[in-house]
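Here's the letter readout for the chains.
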Amino acid sequence: MNISYNRLRRYIDIDLSPNELSEILTSIGLEVSGVNQVESIPGGLKGLVVGHVLTCEPHPDSTHLHVTSVDVGLDTPLQIVCGAPNVAAGLYVVVATIGTILGQDQANPFLIKKSRLRGVDSFGMICSESEIGVGKSCSGIISLPAEEVYPGMPAAEFYRVETDYVIEVDITPNRVDATSHYGVARDLAAYLTAHTGKVVRAQYPELPELIIPEKPTVPVEIACPAELCPRFEMLRIDGVRVGESPTWLANTIRAIGLKPINNIVDISNFVLHELGQPLHCYDADMVDGGVVVRLAQEGESFVTLDGVERKLTADDIIIASGRDEPLCIAGVLGGLESGTTERTASVLIEAANFHPTSVRKTARRLGINSDASFRFERGLDANNTHRALLRAAALIQEIAGGQITSAVTDIYSVKQEPHKVALSLSWLDRLIGKKIPQPEVETILEALEIRIADRQGDTLQLEVPRYRTDVTRDVDVAEEILRIYGYNNVELDGRMTISIGDESQEDRQHNLSTILSEQLVGAGFNEILCNSLTSSSFYHNLHSCPESHLVRLINPLSNELDVMRSTLLFGGLQSLSRNEHRKANRFYYFEWGNVYSFVPSDKSESSADVLSSYQQETRLALWIAGQRVSGSWAHPDEASSVSEIKAHVMNILKRSAVDTEQLELREGGSDLYKVSMDIYASNTYLGTWGIISPSVTKAMDIPFEVYYAELSWQAIFELGSRRAGFEAHSLPKYPEVKRDLALLIDKEVSFARIQEVARNTERKLLRRVELFDVYEGKHLPEGKKSYAVSFYLRDDNRTMSEKQIESIMNKLIQAMDKQLGASLR
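Residues numbered from 1 in each chain as written. Predicted model: local features only at pLDDT ≥ 70, side-chain atom pairs only at ≥ 80, totals over all residues. Heavy atoms only, no water.

A. Region of the structure containing the overall build of the protein. In terms of regular secondary structure, the protein is built from 21 helices and 42 strands. At 39 Å, the protein has a C-alpha radius of gyration far larger than the 28 Å of a compact globule built from 825 residues. Dimensions of the protein along its principal axes, counting C-alpha atoms only, are 125 × 90 × 65 Å. Counting across all 825 residues of the protein, residues that qualify as buried make up 48%. If you sum the accessible surface of the protein, you get close to 42100 Å²; carbon and sulfur atoms cover 49% of it. For the protein, the distance from the average position of its 82 positive side-chain charges to the average position of its 112 negative side-chain charges is 8 Å. (Helix = DSSP H or I, 4+ residues; strand = E, 2+ residues; numbered from the N terminus. Rg over C-alpha atoms; globule rule 2.2 N^0.38 Å. Buried < 20%, exposed > 50% of the residue type's maximum accessible area, 1.4 Å probe, protein only. Areas by Shrake-Rupley, 256 points an atom, 1.4 Å probe, with all protein chains shown as cover. Lys, Arg positive; Asp, Glu negative; His and termini not counted. Charge placed at Lys NZ, Arg CZ, Asp CG, Glu CD.)

Put into structure tokens, the structure is as follows:
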């Protein structure tokens with residue numbers, strides 16, 4: 001939010017510089033992001049002076065140029081060649097001297113230099129209105145009134161150029177009270193009162209004595225639930241003259257970053273930024289029979305001020321005329337036809353209060369972020385509407401004329417009372433860590449306009465004004481006291497107190513994820529962090545991540561960020577593609593992130609049931625592609641392989657205390673993969689690894705295979721937690737025996753099936769089963785493949801005999817033959 005330094009000083013008597021002021025505001029929670037000097041005319045008319053044209057002769061080599069001599073207050077007149085048709089001797093003009101920069105508010109400013117025009121030297125430029133930014137005329141040079149100027153007079157002095165400073169304040173969502181010049185002045189006054197030893201008060205702008213008749217008021221009907229519109233006020237003024245705003249008002253509007261439109265609109269914007277209360281001024285002729293505040297009809301159309309047709313819902317509040325024609329989306333934006341124009345002779349001023357949640361939902365759904373919605377959706381004080389209404393009425397009468405022709409219509413259906421808070425001073429001292437004297441606490445409270453209603457021992461009964469929507473508890477009051485007192489004024493005593501509780505499930509989960517991250521980094525991976533928002537185009541025609549299950553944004557920033565991701569895959573592929581285009585050749589990435597899905601439910605549409613359709617899950621993803629080794633003197637170049645992704649997945653599972661010997665690998669069927677394996681443990685899905693489908697990598701402009709794994713972190717953690725703790729075992733006393741078999745088997749049989757059959761056949765002495773080669777090709781029967789498998793046996797009580805080993809291997813061979821149709825090669 002932009003605060004005008006000059007305007008701020010109208011509400012509080014200070015002699016602080018803009019930079020000193022910004023430091024104070026930042027210290028009390030109104031963080032200043034910048035202080036910029038602005039001028040009422042861009043460039044401040046620097047280098048421009050008043051000149052008196054002494055002579056004006058035709059150019060010897062041109063039919064339209066003139067050679068002039070101009071007195072600009074120097075010892076000798078300047079010779080200036082001018083092409084304006086109205087240049088003549090005796091005129092007082094605006095001269096841009098050599099070195100002046102014109103057009104500083106435009107895309108291509110230019111420097112005035114000595115020039116030679118058709119053989120005649122020119123030492124400056126006589127200017128038109130458009131060239132110096134004081135008007136739009138460019139048909140001729142400016143002619144100034146002789147009685148008001150003199151040669152050499154700075155043009156800035158004649159045009160009364162004002163210099164101001166714009167203080168950019170970053171308003172947090174809880175500080176709607178500071179979204180105005182007066183609100184900032186009020187907070188600044190509290191700080192100065194607490195730190196200067198004298199009472200400083202922010203002053204409301206003075207209101208002249210308004211003549212308000214007792215005639216019938218403007219008919220207003222509140223046809224929506226009262227809590228949606230707690231207060232609605234309206235006033236009529238007839239006989240106004242709509243036109244340009246006076247200089248002081250236009251300059252103030254420009255300084256805070258707005259564009260002057262007409263005096264009525266500018267007044268409503270001015271009061272909004274002065275007092276923080278949005279207003280709306282209607283052309284009274286467009287409001288027939290009063291106004292009705294009601295809920296829109298489902299699908300009702302309405303064209304807003306920006307010329308866009310909006311489709312409304314039954315949750316949107318609108319203000320309609322007596323003919324039931326929509327005039328305004330309450331708290332958001334006015335209608336195209338209801339605003340004031342040069343033809344307007346009568347205006348209706350509206351000052352109202354609307355429910356913040358309703359305004360926020362409407363503004364977000366329609367994609368509108370207006371100055372009014374910015375304030376309403378943070379919660380405004382309904383007690384401020386009357387002051388803002390009268391302030392606007394007074395300014396309209398002063399600037400645009402007219403008379404108030406109706407009493408104020410004021411429907412205040414939901415009275416807003418101060419928040420009542422009990423504050424214990426001894427508790428306050430313990431919380432802050434320092435004893436602040438009670439008189440100082442009370443001074444700060446009174447400076448913040450927090451009324452002390454009663455004192456009971458060391459407990460103060462407080463009444464907090466409603467404009468502080470976030471101050472409703474004793475801890476909130478403590479924060480208010482401390483930010484004015486100064487966080488830096490609470491000294492550290494060198495002690496530290498901590499509270500150590502039992503390690504929670506979340507703590508253990510976080511610690512393990514950190515350990516796994518370090519393990520992956522040590523293995524050569526880089527961690528990436530991708531946007532949770534992604535493009536729905538990635539999910540077109542996908543069966544594994546159907547578009548119907550995507551979580552869509554109602555108001556997306558762009559078409560590329562219109563859904564929440566349902567897999568981590570695409571963000572990593574985008575990173576991989578971006579780096580590949582920049583000549584990288586090794587891609588080992590991992591990411592921790594949430595994925596989101598929507599599964600429609602047939603239940604009733606209560607809020608709980610609707611939310612239950614949305615799912616969020618944390619996953620760990622790994623990407624491997626490119627060169628495993630490249631450019632090493634000690635090792636030949638080596639490409640990455642799918643075996644690596646499996647090895648890293650198994651290492652992660654082992655480090656998570658998952659018994660990898662009990663895992664079941666099932667061939668996956670996801671259309672994201674060319675080939676994949678799903679990982680299960682006791683029918684619990686843990687994740688998938690495999691080779692990404694060429695159609696996916698091609699769409700991402702990746703010219704090589706990508707190996708990818710996506711693991712369900714919660715399932716892995718819970719499975720590993722069941723085996724939490726360490727068990728110490730002595731090293732085996734007896735040797736392990738390894739036997740290899742080359743099995744000829746049907747192509748459809750997976751290695752996981754071989755593992756399962758082997759474990760079921762020999763449960764006691766079989767320690768592990770490993771695959772070390774797969775062969776498919778010639779010399780094998782059609783539909784067959786060869787698995788080379790190692791079986792590891794060990795008896796912890798004795799050394800195994802050859803007879804015992806052969807018996808076990810024969811059992812395994814028979815089981816493979818009977819259950820899988822496998823034969824030895």
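B. Broad picture of the packing of aromatic side chains. For the coordinates displayed, the defined rule picks out 16 aromatic pairs. In this structure an aromatic cluster arises from ring pairing among Phe538, Tyr539 and Phe570. Over the aromatic face of Tyr467 sits the side chain of Arg186, whose NZ or CZ is 3.6 Å from the ring centroid. (Phe/Tyr/Trp six-rings, centres within 6.5 Å; stacked < 30°, edge-to-face > 60°. Lys NZ or Arg CZ within 6 Å of the ring centre and 35° of its normal.)

C. Main features of the layout of surface pockets. Put simply, the largest pocket is a space of about 1200 Å³. Every residue lining the largest pocket is counted, 37 residues in all, and those nearest its centre are Lys646, Leu665, Trp689, Phe751 and Leu771. Of all the secondary-structure elements, those providing two or more residues to the lining of the largest pocket are helix H17 (642-655), strand E35 (664-667), strand E36 (673-681), strand E37 (684-692), helix H20 (751-761), strand E40 (766-775) and strand E41 (784-793). Counting residues per element, the lining of the largest pocket draws most heavily on H17, at seven residues. Tallied by class, the residues present in the lining of the largest pocket amount to 16 nonpolar, seven polar and 14 charged. (1 Å grid on protein atoms, 1.4 Å probe; cavity = no way out; pocket = protein on both sides within 12 Å on 5 of 7 lines; lining within 4 Å. Points joined across faces, edges and corners; volume = space filled by probe spheres on them. Nonpolar A, V, L, I, M, F, W, Y, C, P; charged D, E, K, R; others polar.)

D. Quick peek at a nonpolar patch on the surface. Where nonpolar side chains cluster on the molecular surface, the patch consists of Met496, Ile498 and Ile500 and spans about 430 Å² of accessible area. Topologically, Ile498 is positioned in the loop between helix H13 (474-485) and helix H14 (505-522). On the accessibility criterion, Ile498 (62% relative accessible area) is exposed. (Patch = residues over 30% accessible without salt bridge, like charges linked within 9 Å, V, L, I, M, F, W, Y side chains within 5 Å. Salt bridge = Lys/Arg side-chain N within 4 Å of Asp/Glu carboxyl O.)

E. Broad picture of the pattern of salt bridges. All told, the structure shown has 46 salt bridges when counted by the stated rule. Here Asp324 and Arg294 are joined by a salt bridge, their closest N and O atoms 2.7 Å apart. Of this pair, Asp324 sits in the loop between strand E19 (317-321) and strand E20 (326-329) while Arg294 sits in strand E16 (residues 291-295), and the two are 30 residues apart along the sequence. Residue Asp324 is classed as partly exposed on the basis of its relative accessible area of 38%. Close ionic contact of Arg619 with Glu617 constitutes a salt bridge, the shortest N to O distance being 3.2 Å. One salt-bridge network, held together by shared partners, links Arg175, Asp177, Asp187, Arg468, Asp470, Glu480 and Arg483.

F. Here's a closer look at the domain arrangement of the protein. Here the protein is described as being made up of domain 1 (1-39 + 161-194), domain 2 (46-157), domain 3 (218-409), domain 4 (417-486), domain 5 (505-600 + 611-720) and domain 6 (735-822). Relative to domain 6, the C-alpha centre of domain 2 lies at a distance of 100 Å. (Domains from an automatic or database assignment.)

G. Examining a negative patch on the surface more closely. Among the surface-exposed residues, Asp13, Asp15, Glu20 and Glu23 lie close enough to one another that they form a single negatively charged patch. Relative to the helices and strands, Glu20 is located in helix H2 (residues 18-27).

H. Structural context of empty space enclosed by the protein. One pass over the structure, following the stated rule, counts three cavities of 30 Å³ or more. Around the largest cavity sit Asp177, Arg186, Asp187, Leu448, Ile450, Tyr467, Arg468 and Glu480, which together line it. Viewed by domain, the lining of the largest cavity spans two of them, domain 1 (1-39 + 161-194) and domain 4 (417-486), each represented by three or more residues.

I. A look at the UniProt feature "domain: B5" (unreviewed entry) in the protein. Feature annotation in UniProt places "domain: B5" (unreviewed entry) on residues 416-492, given in this structure's numbering. Counted over residues 416-492, helix gives 39% and strand 23%. Its end C-alpha atoms are 41 Å apart. (UniProt positions renumbered as here; feature names shortened; annotations may be inferred.)

J. How the structure looks around the sheet that holds strand E6 (residues 92-96). Taken together, five strands build an open sheet; the order of strands is E5-E4-E3-E6-E11 and the sheet is antiparallel. At either margin of the open sheet sits one strand with a lone partner, and together these are strand E5 (78-82) and strand E11 (125-126). With two bridges joining them, E6 and E11 adopt antiparallel strand pairing. Residue Val95 lies in a different strand from E11, and its bridge partner there is Ile126. (Pairing = 2+ DSSP bridges.)

K. Up close: H17. Its 14 residues give H17 an end-to-end C-alpha distance of 20 Å, which sits within 8% of 20 Å, the value for a rise of 1.5 Å per residue. All of the buried residues along H17 are Glu644, Ile645, His648, Val649, Met650, Ile652 and Leu653. Positive phi appears at Ala657, one or two residues downstream of H17, with a value of about 70°. (Expected span 1.5 Å × (residues − 1).)

L. Layout of the pairing of E41. Most of E41 is tucked away: nine of the 10 residues are buried. Examined bridge by bridge, strand E39 (residues 737-746) and E41 share 10 bridges and lie antiparallel to one another. Of the residues in E41, the one forming a bridge with Asp746 is Lys784. Two strands pair when backbone bridges link them, and E40 and E41 are joined in this way by eight bridges, in the antiparallel orientation.

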